[in-house]
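# A closer look at the structure
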Amino acid sequence: MPEINITSIRTSSNGVWQGDNPLDHAFPLLIVQTTLILAVSRFLAFLLKPLRQPKVIAEIAGGILLGPSAIGRNKEYLNWVFPKWSTPILESVASVGLLFFLFLVGLELDMSSIRRSGRRAFGIAVAGISLPFVCGLAVAFVLRKTIKGEDQVGFSQFLVFVGVALSITAFPVLSRILAELKLLTTQVGETAMAAAAFNDVTAWILLALAVALAGNGAGGEHKSPLISIWVLISGGAFVAIMLTVIRSAMKWVSRRFSSRNNMADEAYICFTLAGVLVSGFITDLIGIHSIFGAFVFGLTIPKGGVFAERLIDRIEDFVSGLLLPLYFASSGLKTDVATIHNGRSWGLLALVIATACGGKIIGTFVVATMFMIPARESLTLGVLMNTKGLVELIVLDIGKEKRVLNDESFAILVLMALFTTFITTPTVLAIYKPACGGSSTSSRRKLRDLTTTKDTKDELRILACAHGSGNVPTLISLVESTRSTKNSQLKLYIMHLVELTERSSSIIMVQRVRKNGLPFLNQSLSSEWHDRVTGEFQAYSQYGRVSARTMTSISNLTTMHEDICHVGENKKVALIILPFHLQWRGEGDQAIMDNVGHGWRGVNQRVLKNAPCSVAVLVDRGFGNGSQISEANTNIIRRVCIMFFGGPDDREALELGGRMGEHPAVKVTIVRFIQQERQEKNHVMLQLSPSERGGAELSYSFSTAIMNPEKEKELDEIAMAEFKSKWEGTMRVSERMRVKQHC
């Protein structure tokens, strides 16, 4: 392919009708590259999701797949979609995303956690850096002597880059893995985060040293060692000014910021975003990579509060969802696995992986056990601290840009970072079981237990789950209908179910709403959803005998049932209310059915299987948005019909109907279907259950469950007799005949 002068490339084309090929112009080609990278990385992330891998794995793998290692082996495709002249443009756009992402990382990193962690986290961090760094220096000797061309690079530069690459712990990737495993707020997670925070700060210092020493790399002009000293002194002065003067200024901005004055708030946001760019320019001017300035500027922003939350909301989706994948993919595009072409190269890769894992895990394990941490937790800390990711790739990209690393050494180190991060989650799951909820008892609490107890002051405890504020009106109507006006008190726990993502706001939210790896009642928590729900249920206080508390479960959908079951067990609730995965919006013929996601259906199924008490699935057809009922307003009558076919679930529904009947504004009708005996075989009872075939959301099939029909019939008769004797004259009970199907 002939060389092209990039200055001759036009930004946009005149269109195909005028004979222009859009892919020969910068902006249309950038659009195609971005779309292709996002599509491939999202597809790989979908495939890796069952393995609970961080998104960075899919994004790097997507770049490798699109690059010269796989699809890019077709030179025609590579020259057409990723020509060499487009590389600076793609990397420039990706660097903007990287700049703002490192600002978010600094914003997410709480320096006070390092001070609170004490000597234990500090010792673990020092061991987790020093031993891998020393081992990395030894590996660097081998790589320098073995890989062709590396002996032309400056000795100290190559040693520092390899040592830094092997000793880094990726703080942002680690925080997301811990959140995924529900370990972020446990003792193990907090120790790992504090050690990783110290490791991250040290890594930036080592990175600045590596960049200062690198100069122009192999074949470049050799500069005076004094230049490196001046770079480090200037960098230290920059950090000191940022953490004193600029931090005080940002505290003033944070105090002035409010959600009421939109015009002033926009000015503060724009001022801060401009500060990110200026900080990056200053560190680049000093001779340190521009991302270092953005990271330090993020440290100056006060943690928590409206200002930090608004900053994250404004930039995280655009940066993390669109621009950052371009950076990871560009690293993958530079990786040519074909350079690892013989046994010697694969042996070097195995040596680098073994050294990186061994140095980090052994160093962390030994020091952790010295601090009297149990062996299993110490080993878990070692595996967690072995996480690689963003900072590692930045170091490697700078090394390749400075020509300190050639294609083969770059590919070896990138694959090492991929492998060590990939094994983190499955290894931790294998050696350390995260906290989880669930019922370990064979008997479950039932609503009927409250009526049989002799203690008339026993509370009815309900755990009501909601996907969002749209579920609140219907929940209020249902819960208010079940509220007895006589003896039993009502204690209501409202749990907001939020799916965990890799967004910075999601990680910060985990730290606020979880404790020891589990949801808890945080009375100081303030959010739009929390404030609205609290306001909606505040009217209950005037009735007495009612208390409502809110909490949030932010978790992966595959493990969210553990949170629900744990709270149900811990709070001794008698009933869990789950929102149905299908919701109706509108009224009558205008009603629209929304599917909140197939994953939420799985959450409900796992709760039904593991719950420590009775479970009700609330199907919201939009009937709960009207006027609320109360003791003072009995003009609004709610009519409830309970169909009783028999069995333990129907007996619980009957008990719930009895509680509803105690409310003066609720009229309950019981319709009992009496079975007409015709033929009976094998003592099998037919039960309705969701169909598992084909994924059809609206189809249901019959499944058989082995039960004792005589025993169940006897219990049904006892429950119905007690119900009639208790509510005779106040509730209507009618009977219908049904024919039993042949089995």
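These figures come from a predicted structure and were not determined experimentally. (Residues numbered from 1 in each chain as written. Predicted model: local features only at pLDDT ≥ 70, side-chain atom pairs only at ≥ 80, totals over all residues. Heavy atoms only, no water.)

## Side note on the overall build of the protein
- Assigned secondary structure in the protein consists of 25 helices and 14 strands.
- In the protein, which comprises 743 residues, the share counted as buried stands at 51%.
- The contacts in the protein between residues at least 6 apart in sequence include a share of 79% that link residues at least 24 apart. (Helix = DSSP H or I, 4+ residues; strand = E, 2+ residues; numbered from the N terminus. Buried < 20%, exposed > 50% of the residue type's maximum accessible area, 1.4 Å probe, protein only. Contact = heavy atoms within 4.5 Å.)

## Here's the deal with a nonpolar patch on the surface
- Together, L131, I362, V366 and M370 make up a nonpolar patch on the protein surface, roughly 370 Å² of accessible area in all.
- Ranked by residues supplied to the nonpolar patch, first place goes to helix α13 (residues 343-370) with three residues.
- Along the chain, V366 falls in helix α13.
- The exposure class of V366 is partly exposed, given its relative accessible area of 39%. (Patch = residues over 30% accessible without salt bridge, like charges linked within 9 Å, V, L, I, M, F, W, Y side chains within 5 Å. Areas by Shrake-Rupley, 256 points an atom, 1.4 Å probe, with all protein chains shown as cover. Salt bridge = Lys/Arg side-chain N within 4 Å of Asp/Glu carboxyl O.)

## Focus: the packing of helix α1 (residues 26-48) against helix α4 (residues 87-108)
- Where α1 contacts α4, the two axes come as close as 10 Å, and the packing angle between them is 60°. Judged by the angle between their axes, α1 and α4 are oblique. Crossing hand, α1 versus α4: right-handed. Residues A26, L30, Q33 and I37 of α1 form the contact with α4, whose own contacting residues are I89, L90 and V93.
- For the contact of α1 with α4, a count of residues per class yields six nonpolar, one polar and no charged. (Axes fitted to C-alpha atoms, helices over the stretch in contact; angles between N-to-C directions. Parallel < 35°, antiparallel > 145°, perpendicular 65-115°, else oblique. Left-handed = near helix turned anticlockwise from the far one by under 90°. Nonpolar A, V, L, I, M, F, W, Y, C, P; charged D, E, K, R; others polar.)

## A word on the pairing of strand β6 (residues 575-579)
- Counting buried residues in β6 gives five out of five residues, a clear majority hidden from the surface.
- Along β6, one buried face is formed by L575, I577 and P579 and the opposite face, lined by I576 and L578, is buried too.
- Pairing of strand β1 (residues 459-466) with β6, which is carried by three bridges, proceeds in the parallel orientation. From the neighbouring strand, I462 faces β6, where its bridge partner is L575.
- Of the pairings in the sheet, the one linking β6 to strand β9 (residues 614-618) comprises five bridges and is parallel in character. In the sheet register, L578 faces β9, and the bridge partner there is V617. (Pairing = 2+ DSSP bridges.)

## A short note on the pattern of salt bridges
- Tallied over the full model, the rule gives ten salt bridges.
- The partner of R344 in a salt bridge is E408, with the nearest N and O atoms 3.6 Å apart. With R344 in helix α13 and E408 in helix α16 (residues 407-422), this residue pair connects regions lying 64 residues apart in the sequence.
- Accessibility expressed as a relative area gives 34% for R344, which makes it partly exposed.
- One network of salt bridges, in which partners are shared, links E91, K334 and D397.

## Thoughts on helix α23 (residues 598-610)
- Spanning 13 residues, α23 covers 19 Å between terminal C-alpha atoms, matching the ideal 18 Å at 1.5 Å per step.
- Along α23, the residues that are buried comprise W600, R601, G602, V603, N604 and V607. (Expected span 1.5 Å × (residues − 1).)

## Remarks on unusual backbone geometry
- If you check the backbone angles, R52 has positive phi at about 60° while not being a glycine.
- Along the chain, R52 turns up in the loop between α1 and α2 (55-66).

## Here's the deal with the environment of F644
- The topology assignment puts F644 in strand β10 (residues 638-644).
- Residue F644 is classed as buried on the basis of its relative accessible area of 1%.
- Excluding residues within four positions of it along the chain, F644 makes contact with D650, R651, L654, I670, V671, R672, F673, D716 and M720.

## Points about the state of the cysteines
- The final tally for this structure, using the stated rule, is zero disulfides.
- Unpaired in terms of disulfides, C565 finds its nearest cysteine sulfur in C613, a separation of 8.1 Å. (Disulfide = S-S within 2.5 Å.)

## Brief notes about the nonpolar core
- Membership of the largest hydrophobic core comes to 136 residues, with the highest contact counts inside it found for F82, L102, W204, F307 and I394.
- The element contributing the most residues to this core is helix α12 (residues 305-334), with 13 residues.
- Residues in contact with W204, not counting those within four places in the same chain, are L102, I291, F292, F295, V391 and I394.
- Among the nonpolar cores identified, the runner-up in size contains 27 residues, and L492, L575, V668 and F723 belong to it. (Core = buried A, V, L, I, M, F, W, Y, C linked by side-chain atoms within 4.5 Å.)

## Digging into the environment of T35
- When you line up the elements, T35 lands in helix α1.
- It is 9.4 Å that separates the C-alpha atoms of T35 and L322, two residues lying 287 residues apart in sequence.
- A distance of 2.8 Å separates a polar atom in the side chain of T35 from the backbone oxygen of I31. (Polar contact = N/O pair within 3.5 Å; in protein donor to acceptor, adjacent residues only side chain to side chain.)

## Brief notes about the packing of aromatic side chains
- Following the criterion strictly, the structure yields six aromatic pairs and no others.
- Seen in terms of ring centroids, Y327 and F328 are 6.3 Å apart; in terms of plane orientation they differ by 70°. Their pairing is edge-to-face. The pair formed by Y327 and F328 is uniform in burial state, with each residue classed as buried.
- The ring of F410 is capped by K400, whose NZ or CZ atom sits 5.4 Å from the centre of that ring. (Phe/Tyr/Trp six-rings, centres within 6.5 Å; stacked < 30°, edge-to-face > 60°. Lys NZ or Arg CZ within 6 Å of the ring centre and 35° of its normal.)

## Notes on the environment of W727
- Among the structural elements, W727 can be located in helix α25 (residues 709-727).
- Residue class for W727 comes out buried when judged on its relative accessible area of 10%.
- With 66 residues separating them along the chain, W727 and G661 place their C-alpha atoms 8.4 Å apart.

## Observations concerning the confidence of the model for the protein
- Residue-level pLDDT values for the protein average 78, and 78% of them are 70 or greater.
- Counting interchain partners and residues more than four positions distant, the pLDDT-below-50 stretch residues 437-441 has eleven contacts.
- Predicted confidence is poor over residues 679-705, with pLDDT under 50, and the contacts of this stretch with residues over four places away or in other chains come to 45 contacts. (pLDDT = per-residue confidence, 0-100.)

## Remarks on α16
- When the terminal C-alpha atoms of α16 are compared, their 22 Å separation across 16 residues agrees well with the 22 Å that a helix rising 1.5 Å per residue should span.
- Burial within α16 is extensive, with 13 of its 16 residues counted as buried.
- A side-chain oxygen of the first residue of α16 lies 3.2 Å from the backbone nitrogen of E408; this N-cap is N406.

## Thoughts on the side chain of K360
- Along the polypeptide, K360 turns up in helix α13.
- Lacking a salt bridge, the buried K360 has E392 as its closest oppositely charged neighbour, with an N-O distance of 8.5 Å.
- In terms of polar contacts, K360 uses its side chain to reach the backbone carbonyl oxygen of G128, at 2.6 Å.
- A polar contact is formed between the side chain of K360 and the side chain of T169, at a distance of 3.2 Å.
- Aside from chain neighbours lying at most four places away, what touches K360 is G128, P132, L166, S167, I168, T169, N199, G382, M385 and N386. (Lys, Arg positive; Asp, Glu negative; His and termini not counted.)

## Thoughts on the packing of α1 against α2
- Across the interface, α1 lies against α2 with an axial gap of 8 Å and an inter-helix angle of 130°. As judged from the angle between their axes, α1 and α2 are oblique. For the pair α1 and α2, the crossing hand works out as right-handed. Facing α1, whose interface residues are L36, I37, V40, S41, R42, L44, A45 and L48, α2 presents K55, I57, A58, E59, A61, G62, L65 and L66.
- Considering only residue class, the contact of α1 with α2 consists of eleven nonpolar, two polar and three charged.

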